[in-house]
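This is what each chain is made of:
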Amino acid sequence: MSPTRATAFRSIGVIVGRDLVGDALVKLPFLRALRSAYPDSQIHWITSEGPTAYAGELRQATRALIDQVHECPGWLATHRSPDQGAAAPAPRFDLLIDTRNRWREAVHARKLPHTLFLAPALRFLMSGRRPSWFAARPPHLVDRLLQLVELAAGYPPPAQVAGVLFNAI
């Protein structure tokens, strides 16, 4: 696959847990790499455990990276509230990424309408794509998040896009 062109996904959903300012700053290289790989896609940032700094303090800085923010939407079921997902219809995502690394949460997230599902829980057991079983797990959270972009796009994100943390702020 060409390193400049990823499979086209019109809508991308990214599910995260808690997303305070520190968490959001750590996830910024992932978000920048995802937007670089999919510049024309609608990116939805979905939280399952409260508000996100991307809707508050960092909204202005990430306006070009995130198209819609969903804070604890009624259509997202979790293991704490499994009936919550029945409240409203969920949007359909071409690519759905669950970053939480919790298998129970991934089971519920996988029920959302999607074409391709990626989740690192249980060594990517529920994912449509996964790294080699023998590949070492990246030691840092940001590297594990960038691995998700690589799995989706089919190539590693460019270092100049992912590596500069505060360039967008």
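These lines cover the structure that appears in this document, whether it is placed above or below. Quick caveat, the model's predicted, so the values are computed rather than measured. (Residues numbered from 1 in each chain as written. Predicted model: local features only at pLDDT ≥ 70, side-chain atom pairs only at ≥ 80, totals over all residues. Heavy atoms only, no water.)

## Some remarks on the sheet that holds strand β2 (residues 42–47)
In any sheet, the strands associate via hydrogen bonds between backbone groups, in a parallel or an antiparallel arrangement.
Moving on, step 1. If you trace the 5 strands from one edge of the open sheet to the other, you get β3-β2-β1-β4-β5, paired in parallel fashion. Where the open sheet ends on each side, the last strands, each with one partner, are β3 (68–71) and β5 (114–118). This sheet shows a mean twist of 20° between the axes of neighbouring strands, independent of strand direction.
Moving on, step 2. Of the pairings in the sheet, the one linking β2 to β3 comprises 4 bridges and is parallel in character. Across the sheet, the residue bridging to tryptophan 45 is valine 69, located in β3.
Moving on, step 3. On the sheet, helix α1 (residues 21–37) packs against β1 (11–16), β2 and β4 (93–98) and is oriented at approximately 155° with respect to β2. (Pairing = 2+ DSSP bridges. Helix = DSSP H or I, 4+ residues; strand = E, 2+ residues; numbered from the N terminus. Axes fitted to C-alpha atoms, helices over the stretch in contact; angles between N-to-C directions. Contact = heavy atoms within 4.5 Å.)

## A closer look at the packing of aromatic side chains
Moving on, step 1. Under the definition given, this model contains 4 aromatic pairs.
Moving on, step 2. Geometrically, the ring pair formed by phenylalanine 9 and tyrosine 38 is tilted, given 5.3 Å between the ring centres and 50° between the ring planes. Taken together, the residues phenylalanine 9 in the segment before β1 and tyrosine 38 in the loop between α1 and β2 connect sequence positions 29 residues apart.
Moving on, step 3. Judged by its relative accessible area of 3%, tyrosine 38 is buried.
Moving on, step 4. A connected cluster of aromatic rings, assembled from ring pairs, spans Phe30, Trp45 and Tyr54. (Phe/Tyr/Trp six-rings, centres within 6.5 Å; stacked < 30°, edge-to-face > 60°. Buried < 20%, exposed > 50% of the residue type's maximum accessible area, 1.4 Å probe, protein only.)

## Let's talk about the environment of alanine 77
Moving on, step 1. Secondary-structure assignment places alanine 77 in the loop between β3 and β4.
Moving on, step 2. Residues alanine 77 and serine 48, spaced 29 residues apart in sequence, show a C-alpha to C-alpha distance of 8.5 Å.

## Let's talk about the environment of arginine 104
Moving on, step 1. Mapped onto the elements, arginine 104 comes out in helix α2 (residues 103–109).
Moving on, step 2. Placed 17 residues apart in sequence, arginine 104 and alanine 121 show a C-alpha to C-alpha distance of 8.7 Å.

## Quick word on the pairing of β4
Moving on, step 1. Within β4, 6 of the 6 residues are buried, which leaves it mostly tucked inside the rest of the structure.
Moving on, step 2. Bridge count for β1 against β4 is 4 bridges, and the pairing is parallel. Bridge pairing in β4 links valine 14 to isoleucine 97.
Moving on, step 3. Examined bridge by bridge, β4 and β5 share 4 bridges and lie parallel to one another. Across the sheet, phenylalanine 93 pairs through a bridge with histidine 114, a residue of β5.

## Details of the pairing of β2
Moving on, step 1. With 5 of its 6 residues buried, β2 lies for the most part within the structure.
Moving on, step 2. Two strands pair when backbone bridges link them, and β1 and β2 are joined in this way by 6 bridges, in the parallel orientation. Within β2, the residue paired with isoleucine 12 across the bridge is isoleucine 43.
Moving on, step 3. For the crossover from β1 across α1 to β2, the handedness is right-handed. (Right-handed = clockwise from strand over helix to strand, strands pointing away.)

## Brief notes about α1
Moving on, step 1. Between its first and last C-alpha atoms α1 spans 24 Å; for 17 residues at 1.5 Å apiece the expected length is 24 Å, and the two agree.
Moving on, step 2. Along its length, α1 shows its largest kink, about 45°, at lysine 27, and proline proline 29 lies within four residues downstream of that point.
Moving on, step 3. Within α1, burial applies to Ala24, Lys27, Leu28, Pro29, Phe30, Leu31, Arg32, Ala33, Leu34, Arg35 and Ala37. (Expected span 1.5 Å × (residues − 1). Bend = angle between axes of the 7 residues up to and from the residue.)

## Details of a nonpolar patch on the surface
Moving on, step 1. On the surface, Trp103, Val107, Leu122, Leu125, Trp133 and Phe134 cluster together into a nonpolar patch covering about 710 Å² of accessible area.
Moving on, step 2. Topologically, tryptophan 103 is positioned in helix α2.
Moving on, step 3. The class of tryptophan 103 is partly exposed, set by a relative accessible area of 44%. (Patch = residues over 30% accessible without salt bridge, like charges linked within 9 Å, V, L, I, M, F, W, Y side chains within 5 Å. Areas by Shrake-Rupley, 256 points an atom, 1.4 Å probe, with all protein chains shown as cover. Salt bridge = Lys/Arg side-chain N within 4 Å of Asp/Glu carboxyl O.)

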